[in-house]
2 protein chains.
Amino acid sequence: MPRLVTSIIMALALLLAACTSGGNGDGPEPPTEESPMPPVELPEDTPALHEIVPAPRATTPDADGNFELTADTEILVGSEKSEAGSAAEYLAELLRPATGFTLPVRQEQRANDELPLVVLDDAADELPTDGYRLEVTPGRVELSASSGGGFFAGVQSLRQLLPADVERDEPVERTWAVAGGTIVDHPRFAYRGAMLDVARHFFEADVVKRHIDRLAQYKINHLHLHLTDDQGWRIEIPGWPRLTEVGAANEVGGGPGGYYTQEEFRDIVTYAADRGITIVPEIDMPGHTNAALASYAELNCDGNATEPYTGTHVGFSSLCIDSDTTYEFAADVISEVAALTPGEFFHIGGDEAEATTDAEYRRFFDRVLPMITDAGKRPVGWHEYAAVDLPESAVVQYWRIEADHPDTSAAASDGNQVIMSPADHSYLDMKYHDSDPWGNSWAGAVSTRAAYEWDPATYLTGVGEEAILGVEAPLWTELVQEESDIERMAFPRTQAVAEVGWTPQESRDWEDFRSRLSAHGERMAAQGIDFHPDPEVDW
Amino acid sequence: MPRLVTSIIMALALLLAACTSGGNGDGPEPPTEESPMPPVELPEDTPALHEIVPAPRATTPDADGNFELTADTEILVGSEKSEAGSAAEYLAELLRPATGFTLPVRQEQRANDELPLVVLDDAADELPTDGYRLEVTPGRVELSASSGGGFFAGVQSLRQLLPADVERDEPVERTWAVAGGTIVDHPRFAYRGAMLDVARHFFEADVVKRHIDRLAQYKINHLHLHLTDDQGWRIEIPGWPRLTEVGAANEVGGGPGGYYTQEEFRDIVTYAADRGITIVPEIDMPGHTNAALASYAELNCDGNATEPYTGTHVGFSSLCIDSDTTYEFAADVISEVAALTPGEFFHIGGDEAEATTDAEYRRFFDRVLPMITDAGKRPVGWHEYAAVDLPESAVVQYWRIEADHPDTSAAASDGNQVIMSPADHSYLDMKYHDSDPWGNSWAGAVSTRAAYEWDPATYLTGVGEEAILGVEAPLWTELVQEESDIERMAFPRTQAVAEVGWTPQESRDWEDFRSRLSAHGERMAAQGIDFHPDPEVDW
């Protein structure tokens, strides 16, 4: 254990010594053992422990425990887990711009007496998945966890305990304090996801990275990238160059499109991992494949390449089900993309395959799913693929708005896990309110409240708490063209879905969430997020 | 006058001939002289004549006069005014992307019988400044005006009579109709302005151009660019290279800054003129000059260059009032910038010169104002400069929130015109509502309603209707960093101030405006404007 002594205390002690030696006798009392640090006054805008989003499981405030972050603060990594080191570096990067402090990250206790104020250490007991304990005391913040996910989650909680000014990208001269006490926390579901469709409109890697920054703060731990669709193929595949030469050159409305080179994609994956987020790549098959069909004639049953497509209809395209070329293609694509992503999931789409018969659809997945499991990945698919024989590791993602889907409940009975993305609560491409000019509306309006007020474990018949891997908020981009559109549609509904995924149902309450969310307007504005000021919330 | 015959009618006539020759006898009635065109059904989303923003002076709907824009539509320029040609080209550019029509612009009647459906022609009578008459009949839209300003204003009205889809940047297959009838319209004030501060944060020319596109649609006819301030000098001045080498290299918060080359600036001026907007350049003197003072030691009384400044305080800087170098500098800058801008105004700032005495301030303007008039321009200055001896052509811009300003009312009595920009109604950098995370608040919140509900002619004691040149909505950019921030702060308050400037006071009503504005949510969204969905309006 590092000794609880700071250079501030030493300076104070020297000052006191000077005072008392001066014989005045009226100086402040010297520090005693009971009160080793001067008490920290909290600036008015310092959040309380329970105010973070998503709501933490248990908080125990301690008014005597307030902590002040100063230019002398250092971050000490006690854990030997590499993610603890990454989380510590990430914390320092988050806090440096606004505080202007250097916040060095050290792996070892310093030789001198200065205090390492923020410590990331292994939990003494085994915490649940992504669980963490955050103890804020006058001289020390201790973040303990049993896994990388726990460290990243704890870092986000600590960040949110600092005032909104900490989100600015330029130094702000002020007192940086954290309310004292303890948070003990872990999520309801292991998977808290967001999806970005980079196929309908393409977004450059730097836009995706900024989106990752924004998602991570709400403990979103998976970003599903919808990499291919009728309108565009967005990932470089060696051996299939026309996918990106031809298939990437369009987007909805006829814009220039684009794609990620393997190097750019790897960079996104690493960037996300450094923020506690796993990239889930989706290669949508056998439908939603016009971009591939336009690139390679041999993927079409009639041997003719299709025309590039820039509209917004669905359900018209299909790989040729009974052609070996299709499976050579699928095998290459799956092995290449699986090799780019260290995470456990590979999303194979499977939705809206209206140009194939049920039998064709089954034949397709019978051949393709083993490619995914052979690559060491768990397949994920939209719920339509629950109609096929799924391996036990496969995950079903439910996206419709009906309360019954027999194939999905049957899969759940068979032990397959389910990700809940019902469009009427989690689809970020829907309008917030009917009268809004932005967004789709086939699933109705999805207000911030609608994104919040639902229970994943009671939505779908036969799919209860135990069957659920988690929740995901998909952002389809037929109408989303600019980064500001992403921000408008994603925030603040992402916070709502993030809390649905993190906080136990019985601890969630719309009025309480609404009140906590209100303070996040300032935080988001400081980050430059063009969020939608949904009038349901007092910003 | 071109003949009212179209190829459509000809085809219909041929068809009818075929029918009747077939002997059936039950075919539709042949066209008669009273009804020369088939009636045009208006799609539901076609705006009514009175729904445009700013509200027009007089509208006379004619349900039999609906006009359909088709692939055959052409634009004929009857007027010989060059602005009529520019306005016609601009109209075609506005309508082509969404309609997908070629919309050729012709200076002369075609030899064949096809109908030039949109005609821009000189008004038979002399219309008031920027006045126009728009007559929509089944085969023909006639826009007549007596000035360039009238043609550009009429083009914006016609544009707004088409459905919101016309604002999309990709072809939409649909019927494009315009409600029949007549609009006769002219503005209350000659000057309807917006200001963008490119000094506190710099915005590249393409951002300024997009802003011009957005402003023009609401009949804003002046864009005042605040080109210099303590934090940055944004315009290249030959002979004073350090202004841009040193003075442009910063902005609020320490960002990289930037500046416009003379060529870029000329390009902005031309781009604006092609949309009916005059650029008003502001070189703020003698205060707000730290960027210049940091660039040239000799502009400082002590001969030492100041440090670059990236904070947001005001009132600390001044050119050295009694140094001849100051006036060499001012003369060069004024003549260079005046030469770049063909418009009649040159804004010389004059605000918050707290580092000069009153006497110094007077001596400064006594020498500088003649430089502006000698360059053939009318000086404009913030209202503080009403304290000096103003030439008759000088314009005073009032920006405070007090109802009395003796110097300004004295200037008005002397015949100087006034631009009204009271901060509590027209400052776009203020928050919309107190609880918003975006914006300043020294003048209180400026909601859309507050931006709408005021009368420029009764705001300031001694400054009535006759003294007022117009209104302007300034957007200061201490807190505005990105284009989406400009859009959020400017829209929809710009529409409110635009209508204050255009529509007579007695014709204005908040509830009516609110209802018309509501339809502009869709229009702005189609243009990709990240406007603020102020909850005062049902979007």
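Details of the structure are given in the entry above.
Structure report, in brief. As the structure is a prediction and not an experimental result, all values here were calculated from the model.

1. Looking at the relation of the copies chain B and chain A
For these two chains of identical sequence, chain B goes onto chain A by a turn of 180 degrees and a shift of 0.0 Å along the axis, with RMSD 0.0 Å. Here the transformation between the copies is reduced to the relation of a two-fold axis. Using C-alpha coordinates, one finds that chain B approaches the rotation axis most closely at P535(B), a distance of 3.1 Å. When the interface residues of chain B are mapped onto chain A, 100% of them again lie at the interface, so the same face is used by both copies.

2. Some thoughts on the sheet that holds strand 4 (residues 105-106) of chain A
Residue and element names in this part refer to chain A. Strand order in the open sheet formed by seven strands is 1-9-6-7-5-3-4, and the pairing between neighbours is mixed. Strands at the two margins of the open sheet, each flanked by one partner only, are strand 1 (58-61) and strand 4. Where strand 6 (residues 132-137) meets strand 9 (residues 181-185), five bridges bridge the pair, whose relative direction is antiparallel. Bridge assignment links V136 to a residue of strand 9, and that residue is G181. Sitting on the sheet, helix 3 (residues 148-161) touches strand 5 (118-122), strand 6, strand 7 (140-145) and strand 9, and the angle it makes with strand 6 is about 35 degrees.

3. Thoughts on the packing of aromatic side chains
As enumerated under the stated definition, the model contains 48 aromatic pairs over all chains in all. Considering the side-chain rings of Y361(A) and F365(A), the 5.0 Å spacing of their centres and the 70 degrees angle between planes classify their relative orientation as edge-to-face. Taken together, the residues span about one helical turn, with Y361(A) and F365(A) both in helix 9 (residues 358-374) at a distance of four residues. We note that Y361(A), like F365(A), is buried. Pairing W382(A) with W476(A) gives two aromatic rings, centres 5.5 Å apart and planes at 40 degrees, and the pair type is tilted. Highlighted residues: W382(A) in strand 16 (residues 378-382) and W476(A) in the loop between strand 19 (468-475) and helix 14 (483-490), separated in sequence by 94 residues. There is no split in this pair, since W382(A) and W476(A) are both buried. The structure contains a cluster of three or more aromatic residues connected by ring pairs, namely Y327(A), Y361(A), F364(A), F365(A) and Y385(A). The aromatic ring of Y327(B) is capped on one face by R367(B), whose charged end is 3.8 Å from the ring centroid. Note that R488(B) overlies the ring of W438(B), its terminal NZ or CZ placed 3.9 Å from the centroid.

4. Re empty space enclosed by the protein
Summed over the entire model, instances satisfying the criterion amount to four cavities of 30 Å³ or more. For the largest cavity, the full set of lining residues is W438(A), R488(A), D530(A), F531(A), H532(A), P533(A), W438(B), R488(B), D530(B), F531(B), H532(B) and P533(B). Counted by class, the lining of the largest cavity contains six nonpolar, two polar and four charged residues.

5. Focus: the interface of chain B and chain A
For interface size, the figure often reported is the accessible area lost on association. Contact residues are listed per partner, giving 24 residues for chain B and 24 residues for chain A. Counting every contact that joins chain B to chain A gives two salt bridges. Of the charged contacts in the structure, one is a salt bridge between R488(A) and D530(B), with a shortest N-O distance of 2.4 Å. Of the residues that constitute the side of chain B that touches chain A, the class distribution is nine nonpolar, seven polar and eight charged.

6. Considering the environment of L225(B)
Residues and elements named next belong to chain B. Relative to the assigned elements, L225 resides in strand 11 (residues 222-226). Note on L225: relative accessible area 0%, which makes it buried. A C-alpha to C-alpha distance of 17 Å links L225 and D485, two positions 260 residues apart in sequence.

7. Topic: the side chain of R493(B)
Residue and element names in this part refer to chain B. Residue placement: R493 occurs in helix 15 (residues 493-502). Engagement of the side chain of R493 in a polar contact is seen with the backbone oxygen of M489, the distance being 3.2 Å. Sequence-distant contacts of R493, that is, excluding residues within four places in its chain, are made with Y427, L428, D429, M430, K431, Y432, V446, S447, T448 and A451.

8. Considering the sheet that holds strand 10 (residues 191-197) of chain B
Residues and elements named next belong to chain B. Strand order in the closed barrel formed by eight strands is 10-11-14-15-16-17-18-19, and the pairing between neighbours is parallel. Averaged over all pairs of adjacent strands, the angle between strand axes in this sheet comes to 25 degrees, irrespective of strand direction. Pairing between strand 17 (residues 395-398) and strand 18 (residues 417-420): four bridges, direction parallel. Bridging from a neighbouring strand, Q397 pairs with I419 of strand 18. Docked against the sheet, helix 4 (residues 205-216) engages strand 10, strand 11 and strand 14 (278-285), running at close to 150 degrees with respect to strand 11.

9. Details of the side chain of H347(A)
All names here are of chain A. As for its placement among the helices and strands, H347 is situated in strand 15 (residues 345-349). What makes H347 buried here is its relative accessible area of 1%. There is a polar contact of 2.8 Å between the side chain of H347 and the side chain of Q397. Non-local contacts of H347, meaning those with residues more than four positions away in its chain, are made with H224, V280, P281, E282, I283, V380, G381, W382 and Q397.

10. Re helix 2 (residues 82-99) of chain A
Residues and elements named next belong to chain A. Given a rise of 1.5 Å per residue, 18 residues ought to cover 26 Å, and the 26 Å separating the end C-alpha atoms of helix 2 matches this to within 8%. All of the buried residues in helix 2 are A84, G85, A87, A88, Y90, L91, A92, L94, L95, A98 and T99. Count one or two residues on from helix 2 and you reach G100, which has phi positive near 75 degrees.

11. Some words on unusual backbone geometry
Between V53(B) and P54(B) the backbone carries a cis peptide bond, its omega angle lying at -5 degrees. Put simply, F491(B) and P492(B) share a cis peptide bond, and its omega is 15 degrees. Mapped onto the elements, P492(B) comes out in the loop between helix 14 (483-490) and helix 15. A positive phi is found at E352(A), a non-glycine position, where the angle reads about 45 degrees.

12. As for the pattern of salt bridges
Tallied over the entire structure, the rule returns 68 salt bridges over all chains. The shortest N-O distance in the salt bridge between E93(B) and R275(B) comes to 3.7 Å. Note that E93(B) is positioned in helix 2 (residues 82-99) and R275(B) in the loop between helix 6 (262-273) and strand 14, a separation of 182 residues in sequence. Residue R275(B) is classed as buried on the basis of its relative accessible area of 10%. One continuous salt-bridge network, built from bridges that share partners, spans D45(A), D165(A), R168(A), R174(A) and E522(A).

13. Some words on the pairing of strand 18 of chain B
All names here are of chain B. With helix 10 (residues 406-413) bridging strand 17 and its parallel neighbour strand 18, the resulting β-α-β unit is right-handed. Bridge analysis of strand 18 against strand 19 (residues 468-475) gives three bridges, and the strand direction is parallel. For M420, the partnering residue across the bridge sits in strand 19 and is V471.

Quick notes on the rules
Residues numbered from 1 in each chain as written. Chains lettered and ligands numbered in written order. Predicted model: local features only at pLDDT ≥ 70, side-chain atom pairs only at ≥ 80, totals over all residues. Heavy atoms only, no water. Least-squares fit on C-alpha atoms with pLDDT ≥ 70 in both. Contact = heavy atoms within 4.5 Å. Pairing = 2+ DSSP bridges. Helix = DSSP H or I, 4+ residues; strand = E, 2+ residues; numbered from the N terminus. Axes fitted to C-alpha atoms, helices over the stretch in contact; angles between N-to-C directions. Phe/Tyr/Trp six-rings, centres within 6.5 Å; stacked < 30°, edge-to-face > 60°. Buried < 20%, exposed > 50% of the residue type's maximum accessible area, 1.4 Å probe, protein only. Lys NZ or Arg CZ within 6 Å of the ring centre and 35° of its normal. 1 Å grid on protein atoms, 1.4 Å probe; cavity = no way out; pocket = protein on both sides within 12 Å on 5 of 7 lines; lining within 4 Å. Points joined across faces, edges and corners; volume = space filled by probe spheres on them. Nonpolar A, V, L, I, M, F, W, Y, C, P; charged D, E, K, R; others polar. Salt bridge = Lys/Arg side-chain N within 4 Å of Asp/Glu carboxyl O. Polar contact = N/O pair within 3.5 Å; in protein donor to acceptor, adjacent residues only side chain to side chain. Expected span 1.5 Å × (residues − 1). Right-handed = clockwise from strand over helix to strand, strands pointing away.

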